[in-house]
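Commentary on secondary and tertiary structure
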Amino acid sequence: MEKRKVIIDCDPGIDDSLAILLAVNSPELEVLGITVCSGNVPAKLGAKNALKALQMCSSLHIPVYIGEEEPLKRKLVTAQDTHGEDGVGEKFYEEIKTPSIKDGGVDFIINILKNHDKVSIIALGPLTNIAKAIMKDKEAFNNLDEIISMGGAYRIHGNCSPVAEFNYWVDPHSADYVYKNLSTKIHMVGLDVTRKIVLTPNIIEFINRLDERMAKYITEITRFYIDFHWEQEGIIGCVINDPLAVAYFIDRSICKGFESYVEVVEDGIAMGQSIVDSVGFYKNKTNAVVLTEVEEKRFMYMFLKRVFKGYENVIDSVEGVI
Ligand code: BDR
Ligand code: CA
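Worth saying up front: this structure is predicted, and the values here are computed from it rather than measured.

Conventions we followed
- Residues numbered from 1 in each chain as written.
- Chains lettered and ligands numbered in written order.
- Predicted model: local features only at pLDDT ≥ 70, side-chain atom pairs only at ≥ 80, totals over all residues.
- Heavy atoms only, no water.
- Pairing = 2+ DSSP bridges.
- Helix = DSSP H or I, 4+ residues; strand = E, 2+ residues; numbered from the N terminus.
- Contact = heavy atoms within 4.5 Å.
- Axes fitted to C-alpha atoms, helices over the stretch in contact; angles between N-to-C directions.
- Salt bridge = Lys/Arg side-chain N within 4 Å of Asp/Glu carboxyl O.
- Buried < 20%, exposed > 50% of the residue type's maximum accessible area, 1.4 Å probe, protein only.

Sheets are built from strands that pair by backbone hydrogen bonding, the pairs being arranged parallel or antiparallel. Reading across from one edge, β4-β3-β2-β1-β5-β6-β7-β12-β10-β11 is the order of the ten strands in this open sheet, with mixed pairing throughout. Since the sheet does not close on itself, it has two edges, and those belong to β4 (102-103) and β11 (274-277), each with one partner. Two elements, strand β5 (residues 119-123) and strand β6 (residues 144-150), share four bridges in a ladder whose sense is parallel. What sits directly across from Ala123, in β6, is Ser149. Strands in contact with helix α1 (residues 14-24) are β1 (4-10) and β2 (29-36); relative to β2, the strand with the most contacts, it is inclined by about 155°.

Next comes the structure, spelled out in structure tokens:
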């Protein structure tokens with residue numbers, strides 16, 4: 001099987017960390033590098049968290065690059081209330097010193113696109129690095145195979161305002177720029193589908209009976225997130241948005257949606273809202289695939305079976321957990 005080459009652009013982040021675990025444990029993918037922008041936490045901190053996730057799957061050979069540290073025009077607003085001061089549930093893991101984190105995330109994206117035939121981007125944070133890379137070298141993006149963006153909300157309320165999802169709200173200018181300047185359609189894996197992906201206490205209890213080391217890490221980083229979900233939304237468990245974007249990239253049948261023209265509101269009361277012109281009012285060419293349906297159980301089986309390799313049979317046979 002030919003592996004698909006991908007760059008993971010992210011802001012780890014609890015669910016970004018889980019997405020890295022899934023990507024690195026997926027035989028269909030060759031992760032060429034991880035680029036980090038500011039979002040859930042400042043980029044420098046996010047990059048450290050990316051290393052931790054890579055260490056968890058013995059993949060520290062994958063390079064981690066820091067990209068943009070501020071949104072295009074807005075001042076950075078992080079989500080440390082949701083993800084913890086350290087971005088991964090306030091466990092304050094010891095810093096991994098080798099390999100070192102590199103600077104120049106935007107140039108890395110451009111160089112990889114220029115030097116490989118078919119590379120895709122799975123973007124799990126604000127679109128700042130991608131916007132900056134397009135601004136710097138639009139031609140490089142002729143080599144882009146596909147781009148998936150976890151972000152936006154179509155027919156569901158936002159998580160930062162009644163209408164705005166976090167990634168597009170943090171840097172609405174970059175998000176809008178990317179939608180308007182790429183010739184490749186963006187697969188918008190928004191809250192309509194990701195909110196259905198809930199890591200429940202049952203699942204956490206279950207994984208602790210599988211691989212102890214991996215389960216401990218997932219349990220630790222999600223604890224704070226679970227408390228946040230209970231306090232804010234009355235949900236038992238936590239919504240893990242980002243790994244769905246990875247799963248969808250690997251297996252298109254996990255989500256369904258439709259093609260549409262999308263743009264993002266840059267300021268005002270609706271700042272960060274993804275405007276999905278599903279009826280075609282604007283008569284603009286479609287620039288996105290907007291996902292609206294998801295087979296959440298299939299996602300969860302896929303996630304668990306890959307991250308807990310070797311336990312596939314137990315995962316398949318357990319009842320009443322997933
Ligand atoms: C998105 O915002 C972040 O907090 C998560 O990591 C995810 O990418 C969900 O709105
Ligand atoms: Ca994220």
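The discussion continues.
In this structure the tally under the stated criterion is 19 salt bridges. A salt bridge links Glu233 to Arg195; the shortest N-O distance between them is 2.6 Å. A residue pair is termed long-range when its members are at least 10 positions apart, and Glu233 in helix α10 (residues 212-233) and Arg195 in the loop between α8 (191-194) and β8 (198-199) qualify at 38 residues. Take Glu233: its relative accessible area is 35%, and that puts it in the partly exposed class. Between Lys305 and Asp316 there is a salt bridge, with the nearest N and O atoms lying 2.9 Å from each other. Of this pair, Lys305 sits in helix α12 (residues 296-307) while Asp316 sits in helix α13 (residues 312-317), and the two are eleven residues apart along the sequence. Classification of Lys305 as partly exposed rests on a relative accessible area of 23%.

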